[in-house]
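Fold and contact review
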Amino acid sequence: MLKISTKGQYGLLLMTTLAKTAESNPQAYTPLKSLAHSHNISAKYAEQIVNLLKKNELLDVLRGNSGGYKLNRSARDYTAGEILRAMEGDLNPKGDLPCHPVTNSGNIDFWKGFEQSINSYVDGITLEQIVQRSKADDSYIYVI
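A brief report on the enclosed structure follows. (Residues numbered from 1 in each chain as written. Predicted model: local features only at pLDDT ≥ 70, side-chain atom pairs only at ≥ 80, totals over all residues. Heavy atoms only, no water.)

**Some remarks on helix α5 (residues 105-123)**
Definition in use: Only DSSP runs of H or I reaching four residues or more are called helices, and only runs of E reaching two or more are called strands; each is numbered from the N terminus. A helix is expected to span 1.5 Å for every residue after the first. Here the term buried applies to any residue with accessible area under 20% of the maximum for its type, exposed to any over 50%, and partly exposed to those in between, with areas from a 1.4 Å probe on protein chains only. The directions from the helix axis to the C-beta atoms are what the arc is built from. Contacts were defined at the residue level, with two residues in contact if any of their heavy atoms lie within 4.5 Å.
Taking 1.5 Å per residue, 19 residues should reach 27 Å; α5 reaches 26 Å between its end C-alpha atoms and fits that length. For α5, the full list of buried residues reads Ile 118, Asn 119 and Val 122. Relative to the axis of α5, the buried residues are bounded by an arc of 95° and lie together on one face. Exposed positions of α5 whose direction lies more than 90 degrees from the buried face are Ser 105, Asp 109, Gln 116, Ser 120 and Tyr 121. Its buried side turned inward, α5 meets α4 (80-88).

Next up, the structure:
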């Protein structure tokens, strides 16, 4: 069954964090340590994630003391599907088998429809929408 790894989940989460930062300061770069700390993950693991996002041209990077990461376009121009594919590869729920046990057209149509539904959903949600939905959660955070 299709499972999104923790890299995919954190990739989407880190992109959401960067999108929130971009709302208040579009030119700001967020340091890797800050990204990692905000989600309680190691800097090394966060670096693996942002490297995949950078490799897929989803982030800009600035090296140095005042460096970090930022989105390279508006949050409304990213889709959840684009981010997840950068982290996971193809989102085909069936996977590729060396021999194809599914041979009748009813099953083939089912799997095609299932894959289209998944891709349609993740491609229909923008990073901006995720940020807006997460703002409701932010109002419930209480820190002592």
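**Describing the layout of surface pockets**
Cut-off, in case you're wondering: Cavity means a closed set of points on a 1 Å grid over the protein atoms alone, one where a 1.4 Å probe fits but cannot get out, pocket means an open set with protein on both sides within 12 Å along at least 5 of 7 lines, and lining means a residue has an atom within 4 Å of a point. Grid points are joined across faces, edges and corners, and a volume is the space filled by probe spheres set on the points.
In this structure, the largest pocket occupies an estimated 200 Å³ of space. Along its surface, the largest pocket is lined by 18 residues, and Ala 19, Ala 22, Glu 23, Leu 71 and Arg 73 are the ones closest to its centre. Those elements that place two or more of their residues in the lining of the largest pocket are α1 (6-24), β2 (68-71) and α6 (127-138). Residue contributions to the lining of the largest pocket peak at five residues, all from α1.

**So, the packing of aromatic side chains**
The line we're drawing: To pair, rings of Phe, Tyr and Trp, with the six-membered ring standing in for Trp, must have centres within 6.5 Å; the planes then decide the type, stacked if under 30 degrees apart, edge-to-face if over 60, and tilted in the middle.
If you walk through the whole model with that rule in mind, you get four aromatic pairs. Where Phe 110 meets Trp 111, the ring centres are 4.9 Å apart and the plane angle is 75°; that geometry is what we call edge-to-face. Here Phe 110 falls in the partly exposed class, since its relative accessible area comes to 47%. Relative to Phe 114, the ring of Phe 110 lies with its centre 5.9 Å away and its plane at 15°, an arrangement referred to as stacked. Here Phe 110 pairs with Phe 114, and both are found in helix α5, just four residues apart, close to one helical turn. Among the aromatic residues, ring-to-ring pairing joins Phe 110, Trp 111 and Phe 114 into one connected group.

**Quick word on α4**
Looking at α4, one finds that the buried residues are Ala 80, Gly 81, Ile 83, Leu 84, Ala 86 and Met 87. Once α4 ends, the next one or two residues include Gly 89, with phi positive near 85°.

**A look at the packing of helix α3 (residues 43-55) against α4**
For the record, the criterion: Helix axes are fitted to C-alpha atoms over the stretch in contact, other axes to C-alpha atoms as well, and angles between N-to-C directions run from 0 to 180 degrees. Geometric relationships in this document are graded by angle, where less than 35 degrees denotes roughly parallel, more than 145 denotes roughly antiparallel, 65 to 115 denotes roughly perpendicular, and other angles denote oblique. By convention the crossing between two helices is left-handed if the near helix lies anticlockwise of the far one by an angle smaller than a right angle, and right-handed if it lies clockwise.
For the pair α3 and α4, interaxial distance at closest approach is 9 Å and the crossing angle is 115°. Relative to α4, α3 is oriented roughly perpendicular. The two elements α3 and α4 meet at a crossing, and its hand is right-handed. Along the contact surface, α3 presents Ile 49, Leu 52 and Leu 53, while α4 presents Ile 83, Ala 86 and Met 87.

**Observations concerning the side chain of Thr 30**
With respect to the helices and strands, the residue Thr 30 is situated in the loop between α1 and α2 (32-38). Given the relative accessible area of 8%, Thr 30 is considered buried.

**Overview of the environment of Leu 2**
Along the chain, the position of Leu 2 falls in the segment before α1. The exposure class assigned to Leu 2 is partly exposed, which follows from its relative accessible area of 29%.

**Some thoughts on the nonpolar core**
Stated precisely, the cut-off is as follows: Here the nonpolar core consists of buried residues drawn from Ala, Val, Leu, Ile, Met, Phe, Trp, Tyr and Cys, with membership extended through side-chain atoms lying within 4.5 Å.
Judged by nonpolar contacts, the single largest core of 27 residues is most densely connected at Met 15, Leu 53, Leu 59, Leu 71, Ile 83 and Leu 127. Counting only elements with at least two residues in this core, the list comes to α1, α2, α3, β2, α4 and α6. Ile 83 has contacts with Gly 11, Leu 12, Met 15, Leu 53, Leu 58, Tyr 78 and Leu 127, leaving out every residue within four places of it along the chain.

Any link to function would need more than the numbers given here.
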